[in-house]
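Architecture and fold: a report
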Amino acid sequence: MEKMITNQIISRGIKDTQVIEAMRNVPRHLFVPENRRELAYDDRPLPIGEGQTISQPYIVAFMTEVLDLSPEDKVLEIGTGSGYQAAILAGIVREVYTIEIIPRLGETARKRLEEMGYRNIYVKIGDGYKGWQEKAPFHAVIVTCAPGKIPRPLIDQLTDGGRMIIPVGEKRGIQKLVLLRKDKSEITKKEVMDVLFVPMIKDKELRA
Ligand code: SAH
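A quick note: this is a predicted structure, and the numbers were derived from the prediction, not measured.

1. Quick notes on the overall build of the chain
Looking only at helices and strands, the chain features 7 helices and 9 strands. Relative to the compact-globule value of 17 Å for 208 residues, the chain shows a C-alpha radius of gyration of 16 Å, a close match. For the chain, the C-alpha atoms occupy an extent of roughly 45 × 40 × 35 Å along the three principal directions. In the chain, buried positions account for 52% of the 208 residues. In the chain, 53% of the contacts between residues at least 6 apart in sequence involve partners at least 24 apart. Accessible area for the chain stands at about 10000 Å²; split by element, carbon and sulfur atoms hold 51% of it.

This is the structure:
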């Protein structure tokens, strides 16, 4: 764990001490399948079932850092997966709302986070494209699956001054990680990195 923090996180330029502390406090091996535990702190994403993956530790740290979070913030995550990213966020902010479209993954993550004692993470099974209107607005939105374009409802559900980090581009290999900021109703976007995420699943694909 400490090797992961030093070699993958700090040496690659992550500076925010609350992000580094949060990464130290979450045992990543508890979020990967038992037969992959020895790989849990490696510099790579890992399969978590249903064709999905838990992101590489550095990407988790990077996306968390660029959101520039404060302890009072309320954050929305799209793509709960294993629940690891949600746990990292929950160590920094007041409340984390997270949506997973594959029921089995969402239920497993909810149970895992509950057993680990998290009381500020709320998991919903559903289509994250639409966001979580009843709980909006959010100070920050983090999307961990890639849509073809930025979902409008997620922009609408940001506070004034809200930030979003999201991989955009459906074709594998040509996704850009975009940092979006909403001030009054002015939207600014910046491409910050090339990335490779699983595609955002459309509600109708799952039911088909
Ligand atoms: N943040 C996760 C990694 C998730 S991988 C972690 O820390 O482990 C991306 C996840 O997004 C997958 O679990 C996938 O099922 C989910 N996903 C894909 N399309 C979605 C959608 N439309 N709404 C919500 N979740 C979605």
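2. Remarks on the sheet that holds strand S5 (residues 121–125)
Taken together, 7 strands build an open sheet; the order of strands is S5-S4-S3-S6-S7-S8-S9 and the sheet is mixed. The open sheet is flanked by S5 and strand S9 (186–195), the only strands paired with a single partner. Ignoring which end each strand starts from, the neighbouring axes of this sheet average 15 degrees apart. Where strand S8 (residues 175–183) lies against S9, 9 bridges are found, and the strand directions are antiparallel. Residue Leu-177 lies in a different strand from S9, and its bridge partner there is Met-193.

3. Focus on the site of the ligand
Neighbouring residues of the ligand: 25 residues in total, closest Glu-77, Ser-82, Glu-100, Gly-128 and Ile-201. Glu-100 has a polar side-chain atom sitting 2.6 Å from an oxygen atom of the ligand. Protein coverage of the free-state accessible area of the ligand, which is 580 Å², stands at 99%. According to the grid-proximity analysis, the pocket containing the ligand is the largest pocket. Looking at the shell around the ligand, the elements that each hand over two or more residues are strand S2 (52–54), strand S3 (74–78), helix H4 (84–90) and strand S4 (95–100). Counting residues per element, the shell around the ligand draws most heavily on S2, at 3 residues.

4. Details of the pattern of salt bridges
Per the counting criterion, the structure on display carries 12 salt bridges. A salt bridge links Asp-73 to Arg-163, with the shortest nitrogen-to-oxygen separation between them at 3.1 Å. Here Asp-73 is found in the loop between helix H3 (57–66) and S3, whereas its partner Arg-163 is found in strand S7 (residues 158–168), with 90 residues between them in sequence. In this structure, Asp-73 and Arg-163 share a single accessibility class: buried. Lys-124 serves as the salt-bridge partner of Glu-134, at 4.0 Å between the closest nitrogen and oxygen. Highlighted residues: Glu-134 in the loop between S5 and strand S6 (138–143) and Lys-124 in strand S5, separated in sequence by 10 residues. Overall, Lys-124 belongs to the partly exposed group, its relative accessible area being 24%.

5. Focus on the nonpolar core
If you look at the biggest cluster of nonpolar residues, it comprises 49 residues, and the most contacted ones within it are Ile-14, Met-23, Leu-69, Tyr-84 and Ile-121. Discounting chain neighbours no more than four positions away, the residues touching Leu-69 are Gln-18, Thr-64, Val-75, Leu-89, Ile-92, Val-93, Ala-140 and Arg-163. Val-143, Leu-158, Met-164 and Val-168 belong to the second-largest nonpolar core, a separate cluster that totals 20 residues.

6. Things to note about the side chain of Asn-120
You can see Asn-120 is positioned in the loop between helix H5 (103–115) and S5. Classification of Asn-120 as buried rests on a relative accessible area of 17%. There is a polar contact of 3.1 Å between the side chain of Asn-120 and the backbone oxygen of Ala-90. Separated by 3.4 Å, the side chain of Asn-120 and the backbone oxygen of Val-93 make a polar contact.

7. Structural notes on the packing of helix H1 (residues 2–10) against helix H2 (residues 17–25)
Relative to each other, H1 and H2 sit at 145 degrees, their axes nearing to 10 Å. Crossing hand, H1 versus H2: right-handed. Residues Glu-2, Met-4, Ile-5, Ile-9 and Ile-10 of H1 touch H2, and the partners they reach there are Ile-20, Met-23 and Arg-24. Each residue belonging to the contact of H1 with H2 can be placed in one class, and the counts come to 6 nonpolar, no polar and 2 charged.

Calculation criteria
- Residues numbered from 1 in each chain as written.
- Predicted model: local features only at pLDDT ≥ 70, side-chain atom pairs only at ≥ 80, totals over all residues.
- Heavy atoms only, no water.
- Helix = DSSP H or I, 4+ residues; strand = E, 2+ residues; numbered from the N terminus.
- Rg over C-alpha atoms; globule rule 2.2 N^0.38 Å.
- Buried < 20%, exposed > 50% of the residue type's maximum accessible area, 1.4 Å probe, protein only.
- Contact = heavy atoms within 4.5 Å.
- Areas by Shrake-Rupley, 256 points an atom, 1.4 Å probe, with all protein chains shown as cover.
- Pairing = 2+ DSSP bridges.
- Axes fitted to C-alpha atoms, helices over the stretch in contact; angles between N-to-C directions.
- Near = heavy atom within 4 Å.
- Polar contact = N/O pair within 3.5 Å; in protein donor to acceptor, adjacent residues only side chain to side chain.
- 1 Å grid on protein atoms, 1.4 Å probe; cavity = no way out; pocket = protein on both sides within 12 Å on 5 of 7 lines; lining within 4 Å.
- Sits in = over half its atoms within 2 Å of the grid points.
- Salt bridge = Lys/Arg side-chain N within 4 Å of Asp/Glu carboxyl O.
- Core = buried A, V, L, I, M, F, W, Y, C linked by side-chain atoms within 4.5 Å.
- Left-handed = near helix turned anticlockwise from the far one by under 90°.
- Nonpolar A, V, L, I, M, F, W, Y, C, P; charged D, E, K, R; others polar.

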